[in-house]
Amino acid sequence: MKNNSSNLATSIRLFVVLKILLFVQASSGSSSIYPVNNLESSLAASSSQASVIALRCHDCIVVLSMSPPSKDQTCNLTLSNAISANDEVIDETQGLTDTNKEDGSGLIPITHRGPISTVTTLDSSSIISRGMERRSRIMHLLQEKSGLALFMTGFASDTQYLARYAAGHISQEEQIYAGTYINARDLVRNALGPIIQRATLSSGSRPFGVQALAVSPAKPNENDMPRSTSAMIMTTLDPSGNLRYWHGMGAFIGKDSNLNQKHLHQILEKAGTTLENKPETWRDGLHICIKALLETAEESQNLRVTPSDEIISELDALVIFDNRGMRNHSCARIDQKVLNELFSKCYASTSEKNVNTNS
């Protein structure tokens, strides 16, 4: 009898707690009792348009992004990127050994921090006119010395705010600790992670609708020995503030990131590419990234409804080096003409494979 009374009292208490939760839910206008408000909409916004794929190569990390072009020229960081239409495409074969000559051309060094500017070098008959400059909404160089780069997808206002916040954090660290070297892990763990987590857990604000990828070489050791690509860091953040360190071959954020990851790993597995047998040049890595992106677009039906010319106009690519070679820069943008040539080859190969499959 005593046990029955105890069970009845417990049931009554649980019923009262449930009624209180339902009342709080109804009064707040929320459709769920999940403690983080608006997280679902922020997650959807962060993966609605742009895609980013990063891949480790022999002496660098190649990052390929696909996003609608932006005419917004207001997203400046502490220093504006000063690439102009008169900049020449560098030839890194000078001073390098014969084994490095093949992957030297087609790169434009980035020596100023800020949003990456794309200056096309195509002829007038191409999709984009010669000399037209557009600033990437999602690609930012935060520290030219270390090669620290930040890539973000999602709400444009959120990406601009977080990019400025990250730039301010780095400037403050540089002023306090002269000549400090900040890598991707430090940036995400000490700056971006905390502010995104606070917004997520705050009852008075919505979570940032942003996914972020930070890429950099690891800090050089005390003896200034050359860094290895395996020590290069790729770290991601989602709108909830969760951190992820990518120790494998690639990292992914944005639209169709799961499909991009699946197809990239399938291509690497088919080619026998591993951490011990990475792509030799950034061209090889870019070719793999483009193939993965096209296969993802094919599976998600985007390739059948989106013209190839439109896809080309949405592509940008960046290379972050590990500084083992005789280079005076850590980050370089891949020339748009080279990017378009590689894309055309991959697109033709994909189209030919589809024709053979259908026949």
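Bear in mind that the values here come from a model prediction, so they are computed numbers and not experimental data.

What counts as what
All residue numbers here refer to positions counted from 1 along the written sequence of the relevant chain. Totals for whole chains, interfaces and linings use all residues, but because this is a predicted model, local features are given only for residues with pLDDT of at least 70 and pairs of side-chain atoms are given and counted only at 80 or more. With hydrogens and water stripped out, all remaining heavy atoms of the structure feed into the side-chain values. Counted as salt bridges are all cases of a side-chain nitrogen of Lys or Arg within 4 Å of a carboxyl oxygen of Asp or Glu. Under the DSSP-based scheme used, a helix requires at least four consecutive residues in state H or I and a strand at least two consecutive residues in state E, with every element numbered from the N terminus. When accessible area is computed with a 1.4 Å probe and restricted to protein chains, residues below 20% of their type maximum are described as buried, those above 50% as exposed, and intermediate ones as partly exposed. Each pair of strands is called paired provided DSSP finds at least two bridges between the two strands. By this rule the span expected of a helix is its residue count minus one, scaled by 1.5 Å. Helix axes are fitted only over the stretch in contact, all axes being lines through C-alpha atoms; the angle between N-to-C directions runs from 0 to 180 degrees. Here is the rule for angles: anything less than 35 degrees is roughly parallel, anything more than 145 is roughly antiparallel, 65 through 115 is roughly perpendicular, and the remaining ranges are oblique. By the definition used in this description, the sense in which the near helix is turned from the far one sets the handedness, with an anticlockwise turn below a right angle giving left-handed and a clockwise turn giving right-handed. Residues count as neighbours in contact if any of their non-hydrogen atoms are within 4.5 Å of one another. Side-chain rings of Phe, Tyr and Trp (the six-membered ring for Trp) are treated as a pair once their centres are within 6.5 Å; stacked means planes under 30 degrees apart, edge-to-face means over 60, and tilted covers the remaining angles. Here, a charge over a ring is recorded when the distance from Lys NZ or Arg CZ to the ring centre is within 6 Å and its angle to the ring normal is within 35 degrees. Across the chain, each position has a pLDDT score giving the predictor's confidence in that residue, from 0 to 100.

Caption draft 1: Structural context of the pattern of salt bridges. One pass over the full model with this rule turns up five salt bridges. Here E174 ties to R113 by a salt bridge, and the two come within 3.1 Å at their closest N and O atoms. A residue pair is termed long-range when its members are at least 10 positions apart, and E174 in helix α3 (residues 156-176) and R113 in the loop between β4 (105-109) and β5 (114-119) qualify at 61 residues. The exposure class assigned to R113 is buried, which follows from its relative accessible area of 8%.

Caption draft 2: Representation of the pairing of strand β9 (residues 233-237) within the structure. Among the five residues of β9, five are classified as buried, and the element is accordingly described as predominantly covered. Covered by surrounding structure in β9 are I233, T235 and L237 together with M234 and T236, the residues of both alternating faces. Relative to β9, strand β8 (residues 210-216) is paired through five bridges, and the arrangement is antiparallel. Opposite L213, over in β9, you have T236 as the bridge partner. Sheet analysis places β9 next to strand β10 (residues 243-245), joined by three bridges and oriented antiparallel. Paired with T236 across the strands is R244, a residue of β10. The hairpin formed by β9 and β10 contains five residues between the paired strands, and G241 there has a positive phi angle of roughly 95°.

Caption draft 3: Up close: helix α6 (residues 282-299). Between its first and last C-alpha atoms α6 spans 26 Å; for 18 residues at 1.5 Å apiece the expected length is 26 Å, and the two agree. Across the 18 residues of α6, 13 count as buried, placing the element largely inside the fold.

Caption draft 4: Looking closely at the packing of α3 against helix α4 (residues 184-201). Direction vectors running N to C along α3 and α4 enclose 140°, while the axes themselves pass 10 Å from each other. Classified by the angle between their axes, α3 and α4 sit oblique to one another. The way α3 lies across α4 gives a crossing that is right-handed. Judged by residue contacts, Y161, L162, Y165, A166, H169 and I170 of α3 engage L187, N190, A191, L192, I195, I196 and R198 from α4.

Caption draft 5: Quick peek at the packing of aromatic side chains. One pass over the full model with this rule turns up four aromatic pairs. Geometrically, the ring pair formed by W246 and F252 is edge-to-face, given 5.7 Å between the ring centres and 75° between the ring planes. The exposure classification of W246 matches that of F252, with both residues buried. Here a set of aromatic residues connected by ring pairs shows up, and it is made of Y161, Y165 and F208. The ring of Y245 carries the charged tip of R185 above its face, separated from the ring centre by 5.6 Å. R244 extends its terminal NZ or CZ atom over the ring of W246, reaching a point 3.7 Å from the ring centre.

Caption draft 6: Representation of the environment of K345 within the structure. You can see K345 is positioned in helix α9 (residues 336-358). Distance from K345 to I290, taken between C-alpha atoms, is 9.8 Å for residues 55 residues apart in sequence.

Caption draft 7: Examining the environment of F252 more closely. Mapped onto the secondary structure, F252 falls in strand β11 (residues 250-254). Non-local contacts of F252, meaning those with residues more than four positions away in its chain, are made with V52, I53, T236, W246, S257, N260, Q261, L264 and H265.

Caption draft 8: Structural context of the confidence of the model for the protein chain. With 66% of its residues at a pLDDT of 70 or more, the protein chain shows a mean pLDDT of 76. Low pLDDT, under 50, characterises residues 29-34; the predicted model gives this stretch six contacts beyond four residues in sequence or across chains. Contacts from residues 120-132, a stretch scored under 50 in pLDDT, to residues over four places away or in other chains number 25 contacts.

Caption draft 9: Fine view of unusual backbone geometry. Positive phi, normally seen in glycine, also occurs at D256, with a value near 55°. As for its placement among the helices and strands, D256 is situated in the loop between β11 and α5 (257-271).

Caption draft 10: Geometry of the pairing of β11. Among the five residues in β11, five count as buried, and that is most of the element. Bridging between strand β1 (residues 51-56) and β11 involves five bridges; their strand directions are antiparallel. Bridged to L55 within β11 is G250.

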